[in-house]
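# Examination of the molecular architecture
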Amino acid sequence: MQSVQTKTELSFARLIGVSMTGKLLVDIGAQIFNPFLPVIAAGLGMSVVELGRLVGLRSAMGVFAPVSGALADRHGYRPVIRSALWLSAAGFLLLGASSAAWMVVLAMVLSGLGIGAFVPNLQAFVSSRLPYALRARGLGMIEYSWALTGILGLSLIGVLIAATNWRAPFFLLAAGMLVMSFVFGAMPAAPRHRTPTVGSNEQPRGWLQKIADVVVIPSNRRSTYATILAGALSYFAAMQVMIAHGAWLAQDYGLDAAALGLVAFVFGWFDLAASVSVSLFTDRIGKKRSVLIGVLGSLIGYLLMPFLNVGVIPAIAIIGAARMFFEFNIVSHFPLLSEQTPLHRGQTMTLGAAVSLAGATAAGFTGPWLLVHAGVAALAWSSAAIVTLSLAIVLFLVQERPGSAE
């Protein structure tokens, strides 16, 4: 009995450690444009609004995430996770070497496909290995990577860009993702439910039916779709601020690349506080209640932003507080969504990611545009209005754990 327990503990440590490392690289790649949008845009000879639109294009590739979820439910999570890392690496390598607009566009498409497939399939992979009572703990620990992105990743990238150029970080990220693809290949396969296959007596399914298989949730639809929509609205509201905050702080307070990297370091501690809180408390107080706390806290943060934009320190503090509550919300959201339809977890998690990334796509257009043309107040209060709707959806339509059977 003791040897079985030890094996389980080691398996948990390996699962979380490898997952956190891989996600750290992907998160750095996903967030690199937030503080350094004006720096990278200048290097590419683009405006902030133009590059913001291309970041939105990258997020739009998340619409294909449910396809990867369907493949993962049938063939396993690891092959999909490795393929996602290869796509991301190819995109970042091409972006670092870009010398023409078409190269930037292709790089955004490739990296967007990879990021969109990697994160939800990783969450589904980890969820399939953990019981629901421990799932917030495990997923919360993996989300430490989002915080470490600011504490270690982006702050070091700020120094690296200042010492070299804006291209160097993309080459390093590509190399790291290739290494992690081989590490995931050595991981033991996750248990998965048997999925229906077309038998000899069944008619082949048409392409409309195949699309329906990807986007139509087979059971518990109201709560599942409500959970997905609420998460997407919160994600859109937060991304509006995140994609624009580097330009905001550079425009209003003259922060350069090194200073923006330091800001990312500070924000990382806010994110870490949120992720640690989820891993410690969310399994105890309930996933839905944690989501509500996070949404309400971020709402208050967005409402206060224009009033605290009176100096660089209060501005950074309120942005950090709002994103801390958003992080607490969204990390609690993952285990909540993972149990809505357990037999179709890959489909559910990737569909949720696709809808959220569609919101991020819109945020890539609206965030920089609102900041440039309407100011901080319009940026912040539009996000406040959006999360108010998210709050109502969670409160009235989302169930805590409708799918109790594994």
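Residues numbered from 1 in each chain as written. Predicted model: local features only at pLDDT ≥ 70, side-chain atom pairs only at ≥ 80, totals over all residues. Heavy atoms only, no water.

## Describing the environment of tryptophan 86
The cut-off we apply is this: Runs of E in the DSSP output that reach at least two residues are strands. Runs of H or I that reach at least four are helices, and both are numbered from the N terminus. Throughout, a contact is declared for two residues whenever any of their heavy atoms are within 4.5 Å.
Note on placement: tryptophan 86 falls in helix α5 (residues 77-96). The spatial distance from the C-alpha of tryptophan 86 to the C-alpha of methionine 180 is 9.5 Å, given a sequence separation of 94 residues. Contacts of tryptophan 86, omitting those with residues within four sequence positions, involve Leu178 and Ser181.

## Thoughts on helix α15 (residues 345-373)
We count it as follows: The span one expects for a helix is its residue count, reduced by one, times 1.5 Å. Bend at a given residue is defined as the angle between two axes, one fitted to the seven residues that end at that position and one fitted to the seven that begin there. The classification of residues rests on relative accessible area computed with a 1.4 Å probe and restricted to protein chains. Under 20% of the type maximum is buried, over 50% is exposed, and intermediate values are partly exposed.
Here α15 spans 41 Å end to end across 29 residues, near enough to the 42 Å set by a 1.5 Å rise per residue. Largest kink in α15: about 35 degrees, centred on alanine 363. Of all 29 residues in α15, 21 are buried, a share of seventy percent or more. Glycine 375 sits one or two positions beyond α15 and adopts a positive phi of about 95 degrees.

## As for a nonpolar patch on the surface
Convention followed: Patch definition: residues with relative accessible area over 30% and no salt bridge; like charges joined within 9 Å; nonpolar side chains (Val, Leu, Ile, Met, Phe, Trp, Tyr) joined within 5 Å. The Shrake-Rupley method, run with a 1.4 Å probe, gives the accessible areas here. Residue values count only the displayed protein chains as cover. Criterion for a salt bridge: a side-chain nitrogen of Lys or Arg within 4 Å of a carboxyl oxygen of Asp or Glu.
A cluster of nonpolar side chains, Leu296, Ile300, Leu303, Leu304, Phe307, Leu308 and Trp381, forms an exposed patch at the surface whose accessible area comes to about 640 Å². Here the nonpolar patch gets six residues from one element, more than from any other, and that element is helix α13 (residues 287-308). Tracing the sequence through the fold places leucine 308 in helix α13.

## A closer look at the confidence of the model for the chain
This is how it is decided: Confidence of the predictor at the level of single residues is given by pLDDT, which spans 0 to 100.
In this model, the chain carries an average pLDDT of 82, and 88% of its residues clear a pLDDT of 70 or more. Within the chain, the element-level pLDDT minimum falls on helix α10 (residues 207-215), averaging 59, and the maximum on α13, averaging 94. Ignoring residues within four places in sequence, the model shows residues 1-10, a span with pLDDT below 50, making zero contacts including any to other chains. Across residues 194-202, where pLDDT falls below 50, the model places six contacts with residues more than four positions away in sequence or in other chains.

## Quick word on empty space enclosed by the protein
Operational definition: Cavities and pockets are defined on a 1 Å grid built over the protein atoms alone: a cavity is a set of grid points where a 1.4 Å probe fits but cannot escape, while a pocket is an open set with protein on both sides within 12 Å along at least five of seven lines, and lining residues are those with an atom within 4 Å of any such point. Grid points are joined across faces, edges and corners, and a volume is the space filled by probe spheres set on the points. Under the grouping applied here, Gly and all other residues not named as nonpolar or charged are polar, the nonpolar ones being Ala, Val, Leu, Ile, Met, Phe, Trp, Tyr, Cys and Pro and the charged ones Asp, Glu, Lys and Arg.
Counted according to the given criterion, the structure contains three cavities of 30 Å³ or more. Of the volumes computed, that of the largest cavity is approximately 510 Å³. Secondary-structure elements contributing two or more residues to the lining of the largest cavity are α1 (2-31), α3 (48-60), α6 (101-129), α11 (221-253), α14 (312-338) and α15. In terms of residue class, the lining of the largest cavity is made up of 17 nonpolar, ten polar and five charged.

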